[in-house]
Amino acid sequence: MKSSGTSEPAARGTRGQVARLILELGPCTAATLGGRLSLTPAAIRRHLDTLIADGMIEMRTARSYGNRGRGRPAKVFVVTDAGRSAFEHAYDDLATSALRFIEQTYGRQAVADFARRQVSELERRYATVFAKAALAKEDLAARVTALADALSADGYAAAGGPAPTIGPINSSVQPNGQQICQHHCPVAHVAAEFPQLCEAETEAFGRLLGAPVRRLATIAHGDGICTTHVTSTGFKDSTGFKDSTGFKDSTESGGL
């Protein structure tokens, strides 16, 4: 007699899809996941409960900016460090060993030079995308969106848009700039030991966008996502940033 239930291999496959979708989308609700995968509320809840029990994901309260309406705060699901590690990062051990050899043989500057060389190809390709789209240099929002789309096409599961405004919104509040969130980093394990990879990428973002940028969080340093803040064109040097490379002086906190 054929069982009417879902086979265990099929269930594992679906759970893998759920975990992958959370990795790609970032924090998301059960309803969003169920809708994307065409699963009933009961089915998605069953898979989420199993992933939580396995330590692959965890449930958090959604962040709320500004005034929130009535009702309980939304619950979202995010991938844990253990869950992220389960998604294989190709050649991590080999890459880390190679960079250690470079650092021990030629010094830390050689690692930084290597990182910039690696990022230069990405920067060249993305600059071509910007050129084909005829993006105006003054249209920062469009450039941020284009960069996020290009990153997503390369597997970084990125999203771009206005940076959240903290505090009351009124006519005197200036735009808070833009931000790029990357929910996946193929080199996170390597970058945890060699932050020069993150620094080179941040520098490239600044050049591509033509605006000052800074990293607020990185997956490599244990954050859930890589968040890059992009300052509006009205940026002033008195804020303490050094041009558009994303580096900050010693008075700044957070980031790399």
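Counting restarts for each chain: residues are numbered from 1 in the order of the written sequence. With the structure being a predicted model, the display of local features is reserved for residues of pLDDT at least 70 and the display and counting of side-chain atom pairs for 80 or more, all residues being used for whole-chain, interface and lining totals. Processing note: side-chain calculations cover all non-hydrogen atoms of the structure and skip hydrogens and water entirely.

1. Examining the side chain of Glu203
Phase 1: Secondary structure elements follow DSSP: runs of H or I no shorter than four residues count as helices, runs of E no shorter than two count as strands, and numbering proceeds from the N terminus. Relative to the assigned elements, Glu203 resides in helix H9 (residues 196-209).
Phase 2: A distance of 2.9 Å separates a polar atom in the side chain of Glu203 from a polar atom in the side chain of Arg116. Polar contacts here mean pairs of N or O atoms no more than 3.5 Å apart (in protein, one a potential hydrogen donor and the other a potential acceptor; neighbouring residues in sequence count only if both atoms are side-chain atoms).

2. Thoughts on unusual backbone geometry
Phase 1: You will see that Ser38, though not glycine, has its phi angle at about 55 degrees, which is positive.
Phase 2: Considering the arrangement of structural elements, one finds Ser38 in the loop between helix H2 (30-37) and helix H3 (41-53).
Phase 3: Between buried and exposed lies partly exposed: a residue is buried under 20% and exposed over 50% of the maximum accessible area for its type, with that area taken using a 1.4 Å probe on protein chains only. You can call Ser38 exposed: its relative accessible area is 66%.
Phase 4: Positioned with a positive phi, Ala134 is a non-glycine residue whose angle comes to about 50 degrees.
Phase 5: Note that Ala134 resides in the loop between helix H6 (108-132) and helix H7 (140-153).

3. Some words on the pattern of salt bridges
Phase 1: For this analysis, a salt bridge means a side-chain nitrogen from Lys or Arg found within 4 Å of a carboxyl oxygen belonging to Asp or Glu. This model, assessed by the stated rule, comprises 8 salt bridges.
Phase 2: Arg108 is paired through a salt bridge with Glu103; the nearest N and O atoms lie 2.8 Å apart.
Phase 3: When its relative accessible area of 23% is taken as the criterion, Glu103 is described as partly exposed.
Phase 4: Where Glu201 meets Arg215, a salt bridge forms, and the shortest distance between an N and an O atom there is 2.4 Å. Taken as a pair, Glu201 in helix H9 and Arg215 in strand E5 (residues 213-217) lie far apart in primary sequence, 14 residues in all. Each member of the pair, Glu201 together with Arg215, is buried.

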